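# Inside the fold
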Amino acid sequence: SSKFLFLCPPQGFGSVFSGRLARRLAFRVEKSGGGGMEDQDQPQRNPTEVQMSQMVLPSHTNHRGELSVGQLLKWVDTTACLSAERHAGCPCVTASVDDIYFEHTISVGQVVNIKAKVNRAFNSSMEVGVQVTSEDLCTAKQWNVCKALATFVAQGSTKKVKLRQTTPRTEEEKTEYSIAAERRRLRLVYADTIKDLLRHSVIRDDLEGRDCTRKVPAEKTRVESVELVLPPYANHQGNTFGGQIMAWMENVATIAASRLCQAHPTLKAIEMFHFRGPSQVGDRLVLKAIVNNAFKNSMEVGVSVEAYRQEQEAHHRHINSAFMTFVVLDQNGQPQTLPWIQPQAGDGERRYREASARKKIRLDRKYIVSCKQAEVPLSVPWDPSNQVYLSYNNVSALKMLMAKSNWTLASELNKVSIKLFTLEDDHFLSFHIEMTVATSTPQAFLLLSDLCRRHQWDRHYLSAELVQQVDEDDAIYHVISPSLGDDNSKPKDFVILASRREPCDQGDPYVIALRSVTLPTHPPVPDFSRGETLCSGFCLWSAGEQLTKVSYYNQATTGVLPYVTTNIAGLSSEFYSTFKACEGFLQDNAYAEPTLRKLSLLPDSSGSQD
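Summarised in this report is the structure supplied together with it. Per chain, residue numbering runs from 1 following the sequence as it is written. Only residues with pLDDT of 70 or above have their local features reported here, since the model is predicted, and side-chain atom pairs are shown and tallied only from 80 upward, although totals for entire chains, interfaces and linings are computed over all residues. Excluded from the side-chain calculations are hydrogens and water; all other atoms, namely the structure's heavy atoms, are used.

## Notes on the nonpolar core
Selection rule: In this description, a nonpolar core means a group of buried Ala, Val, Leu, Ile, Met, Phe, Trp, Tyr and Cys residues linked to one another through side-chain atoms lying within 4.5 Å. For every residue, the accessible area obtained with a 1.4 Å probe (protein chains only) is divided by the maximum for its type, and the residue is called buried under 20%, exposed over 50%, and partly exposed between those limits. Domain extents, as shown, originate in an automatic or database domain assignment. In what follows, residue pairs with any heavy atoms lying within 4.5 Å of each other are defined as contacts.
In terms of nonpolar packing, the biggest core is built from 73 residues, with Met126, Met299 and Val301 touching the most fellow members. Here this core spans two domains, and each of domain 1 (46–156) and domain 2 (213–375) adds at least three residues to it. Among residues more than four places away in sequence, those in contact with Met299 are Ala257, Leu260, Cys261, Val291, Asn293, Ala294, Met324, Thr325, Phe326, Val328 and Leu338. Core analysis: the second largest hydrophobic core is formed by 34 residues, Ala444, Ala475, Ile496 and Phe579 among them.

## Some words on the pattern of salt bridges
So the rule is basically this: Any Lys or Arg side-chain nitrogen found within 4 Å of a carboxyl oxygen on Asp or Glu counts as a salt bridge. Helix and strand definitions here come from DSSP, where helices need a minimum of 4 consecutive H or I residues and strands a minimum of 2 consecutive E residues; each element is numbered from the N-terminal end.
In the structure shown here, the tally under the stated rule is 23 salt bridges. In this structure, Arg358 and Glu300 form a salt bridge, with 2.7 Å as the shortest nitrogen-oxygen distance. On the criterion of sequence distance, the pair formed by Arg358 in helix H6 (residues 347–370) and Glu300 in strand E13 (residues 299–308) is long-range, its members being 58 residues apart. Looking at Arg358, the relative accessible area reads 4%, which means it is buried. Judged by its relative accessible area of 0%, Glu300 is buried. One salt bridge in this structure joins Asp347 and Arg351, with 3.1 Å as the shortest N-O distance.

## Observations regarding the packing of helix H3 (residues 171–188) against helix H7 (residues 387–403)
Any two packed helices are characterised by how steeply their axes cross, that is the angle between the axes, and by the distance between the axes. Note the following rule: For every element, the axis is a line fit to its C-alpha atoms; helices are fit only across the contacting stretch, and the angle between N-to-C directions ranges from 0 to 180 degrees. Each angle receives one of four descriptions, namely roughly parallel if under 35 degrees, roughly antiparallel if over 145, roughly perpendicular if within 65 to 115, and oblique otherwise. In this scheme the crossing of two helices becomes right-handed for a clockwise turn of the near helix relative to the far one and left-handed for an anticlockwise turn of less than a right angle. Each residue gets one of three labels, nonpolar for Ala, Val, Leu, Ile, Met, Phe, Trp, Tyr, Cys and Pro, charged for Asp, Glu, Lys and Arg, and polar for the others, Gly among them.
Between H3 and H7, the shortest axis-to-axis distance is 9 Å and the interhelical angle comes to 155°. With respect to each other, H3 and H7 are oriented roughly antiparallel. The chirality of how H3 crosses H7 is right-handed. Touching Glu171, Lys174, Thr175, Ser178, Ile179, Ala181, Glu182, Arg183 and Leu186 of H3 are Val388, Tyr389, Ser391, Tyr392, Val395, Ser396, Lys399, Met400, Met402 and Ala403, all from H7. For the contact of H3 with H7, the per-class residue count stands at 10 nonpolar, four polar and five charged.

## Considerations on unusual backbone geometry
Of note in this structure, Ala140 is not a glycine but carries a positive phi near 65°. Following the sequence through the fold, Ala140 ends up in the loop between strand E6 (125–135) and strand E7 (142–154). For Ala140, a relative accessible area of 59% gives the class exposed. Phi at Gln262 takes a positive value of approximately 55°, unusual for a residue other than glycine. Within the secondary structure, Gln262 sits in the loop between helix H5 (242–261) and strand E10 (266–270).

## A few points about the sheet that holds strand E12 (residues 284–294)
Paired through backbone hydrogen bonds, the strands of a sheet run either parallel or antiparallel to each other. Our working definition: Paired strands are those between which DSSP finds at least two bridges.
Strand order in the open sheet formed by six strands is E4-E10-E14-E13-E12-E9, with antiparallel pairing between adjacent strands. In the strand order of this sheet, the two ends are held by strand E4 (100–101) and strand E9 (223–228), each with one partner. As defined by bridge partners, E10 adjoins strand E14 (residues 317–327) across four bridges and the pair is classed as antiparallel. Across the sheet, the residue bridging to Leu267 is Phe326, located in E14. Here H5 sits on the sheet in contact with E9, E10, E12, E13 and E14, set at roughly 40° to E12.

Here is the structure:
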């Protein structure tokens, strides 16, 4: 029935490169607008886009004839930095790099294609997205290697740089632009989130399947190396390239991993990290690595980098730390069973336990954030180790739906006030309702954020109970919806995560995103039929001092398509009556004292950076 569509579907890197490095690298930069060789019918290229293609030579490879990850990170560094500096118009340095998952190795003789462009600029920082693919010139086959998201900070010569905003053109760019604000929010709380999760995680050291007959003391895997920063490793300002530092880190981490497995390991992932400070020509960099823990088929290696000057050898500066995940592959490309590692008492045991907790967090994060929407179950279990990423995914899914460009106007309800749009793709049928109401946008945001009041305008909500106030922006509700109306049908109930966001910048919408989660305290019960929702919610824009453009989105599976095609008139009438009631609710409470906390119009503008 259409009545439930309102609630649910039916089911550093571094800075600018030196002249010497530029001569060594073969890169291609294609400017927006192009020359006479470009097809004039093609859309204009993003002005921040930079492309690099590199032939993998023997000097770039490891013992297996595969491109070393350290060399790949150098190329990614250069490409991403060129894109950032093209937008900023001044030198840039890397503040952080998000998780990187390596999907494919690259062999000697193949070509590496790297594409980078600025997704969004903030105050003096910007997010640069990088896509890496490999190409076999003999067979014309191509593979996805990895994606990377790096945050660069512009460094002006005399004063702090205020970056101009990017202008997304394509649907993909609009999506990345919108989600970049949510990713930035995740980065800013990342360190505190990880510390909190590690502090409260319950570690279960499951030794089943491990080769406990082989026990390796963790201290045997410890590696320490010193590198002198020479001019070829730095830019014209004398700062060390972040990509070079990452290459050195990958080298010592690989040695540590090899000492555990007595084989040649393969790097599969690098966890998000932040550059805590720069290093310059003349610095000595001390790189330390150790295997923190070994699981059945993977191991975590911790790496830290400190810098000091020769004349100040006693004073070390922490540059950055990273956690790298390695596997050992057999001849068929399958991961081998690893030895059991014996941690050293004290600090070693702490690292051992934290590595186990990070593995669970990493798997939750990769599963929730990296999976395609069609591959994620409607209801994902809720626990403290995934709540940050579920909230991120909840808001990002709604913003991705909002950014789609091929919506079709199904009907214009009441000819003026309410419009109904539909969008059909391979997996989902989506609905979008749009109206303008005479209420200020912050007030509409506060009213619609409180699901406990939704029954006042939406007859598809009988009640909504606040189960858990996760934080000031996220809450979990238990919602009860009426039955379909026949004698045999039961009322439906839902466990819904509601995530709300204020605008990151002028022009951004207020967002209220809804999705189903699973709570142990609220299992399905015989009295109700458990319903689920994958993606729904509101986006609100200011259309004037006391006017708000309200957009409601709901993503349903294509199973509802037969109903829609046979009863679009009935569906339109249902939407009209519901959102006409919503309009009245917002206008009647336009000046009412809100029950939720008062929110500022925009986030703190003090200029804090990633």
